[in-house]
Amino acid sequence: MMQSCLVRHLSRAVCTAALILPFCLPAAHAQSIVDGWTAVAVPPAPQLLPVTVESGQTALLILDMYARTCITSERPRCVPTIARVKRLLTEARAKKMLVVYSGSPPASTAPSTPVEPLTPIEGEQTVRGVVDKFMDTDLAKILAAGGIKTVIIVGTSADGTVLYTSSHAALNNLKVIVPVDAISSIDPFSELYTVWHLKNTVGQVSRQVTLTNAAMITIK
């Protein structure tokens, strides 16, 4: 009889502990994206669209294509973009389009002179700033003074200056054209991420950005 009561009490205690224990123990860490990193599939490539722009309302922004860094030993993926950017630049100049270059911040010792085929001519301005070329520069004023409604953005540091300058422009209601064969970074994934982000981030940025190729841009 005593043994039977003891068994009932022990059973009751075990059941009570089973109910309480999950609330007493620390919760297991939820799986993060880092834990499942290798299981993530690469999303499909975005669609590239032909674009026609009005020269009087459009600016070509050439970002951080420095003579000292857009070379094979430093940024090999930048080198093939030079010829594509040059073709866009030549057409932009022929149509009297506004052209603006970017350089490193004034206090920086980093190089700021563009690679030789893209050397600015008289009247073409350069803004010197951090990754987002609108920050602490006159870029917004230059574009506003020129009546600019659309910007074509090319250059290197795709995941830096291209991404953040494009996003800033889009958030300020400018139409943004990004020819994906005229941007570059140190590695392909950085370019892939930039292109994906610009068209898949929610809201204003994705609505304002159009992805294209340099040869698919027509300047009127």
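Residues numbered from 1 in each chain as written. Predicted model: local features only at pLDDT ≥ 70, side-chain atom pairs only at ≥ 80, totals over all residues. Heavy atoms only, no water.

Right, let's get into the pairing of strand 5 (residues 150-155). Most of strand 5 is tucked away: six of the six residues are buried. Burial along strand 5 is two-sided: T150, I152 and V154 facing one way and V151, I153 and G155 facing the other are all buried. When strand 2 (residues 58-63) meets strand 5, the two strands line up parallel, connected through six bridges. Looking at the pairing, L60 lines up with I152 of strand 5. (Buried < 20%, exposed > 50% of the residue type's maximum accessible area, 1.4 Å probe, protein only. Helix = DSSP H or I, 4+ residues; strand = E, 2+ residues; numbered from the N terminus. Pairing = 2+ DSSP bridges.)

So, about a nonpolar patch on the surface. Among the surface-exposed residues, V42, F189, L192, Y193 and W196 lie close enough to one another that they form a single nonpolar patch of about 510 Å² accessible area. Structurally, V42 can be placed in the loop between helix 1 (2-24) and strand 1 (51-53). (Patch = residues over 30% accessible without salt bridge, like charges linked within 9 Å, V, L, I, M, F, W, Y side chains within 5 Å. Areas by Shrake-Rupley, 256 points an atom, 1.4 Å probe, with all protein chains shown as cover. Salt bridge = Lys/Arg side-chain N within 4 Å of Asp/Glu carboxyl O.)

Along its 13 residues, helix 5 (residues 188-200) runs 18 Å from first to last C-alpha, staying within 8% of the 18 Å computed at 1.5 Å per residue. Restricting attention to buried positions, one finds in helix 5 the residues S190, E191, T194, V195 and L198. Down the axis of helix 5, the sector holding all buried residues measures 130°, keeping them to one side. Packed against the buried residues of helix 5 are helix 4 (158-171), strand 6 (175-179), helix 6 (204-208) and strand 7 (209-212). Its side-chain oxygen 3.2 Å from the backbone nitrogen of F189, D187 forms the N-cap of helix 5. (Expected span 1.5 Å × (residues − 1). Arc of directions from axis to C-beta. Contact = heavy atoms within 4.5 Å. Polar contact = N/O pair within 3.5 Å; in protein donor to acceptor, adjacent residues only side chain to side chain.)

Here the focus is the packing of helix 4 against helix 5. The description of two helices packed together rests on the angle between their axes and the distance between the axes. Where helix 4 contacts helix 5, the two axes come as close as 9 Å, and the packing angle between them is 15°. Our classification of the angle between helix 4 and helix 5 gives roughly parallel. Note that helix 4 runs across helix 5; the crossing there is right-handed. In this structure, helix 4 contributes A158, D159, L163, S166 and S167 to the contact, and helix 5 contributes S190, E191, Y193, T194, H197 and L198. (Axes fitted to C-alpha atoms, helices over the stretch in contact; angles between N-to-C directions. Parallel < 35°, antiparallel > 145°, perpendicular 65-115°, else oblique. Left-handed = near helix turned anticlockwise from the far one by under 90°.)

Under the definition given, this model contains one disulfide. Shown here is the disulfide that connects C70 with C78, its sulfur atoms set 2.0 Å apart. Negative torsions about the S-S bond denote left-handed disulfides, and the value of about -100° found for C70 with C78 makes this one left-handed. Take C70: its relative accessible area is 3%, and that puts it in the buried class. Of the residues examined, C78 reaches a relative accessible area of 0% and is grouped as buried. (Disulfide = S-S within 2.5 Å.)

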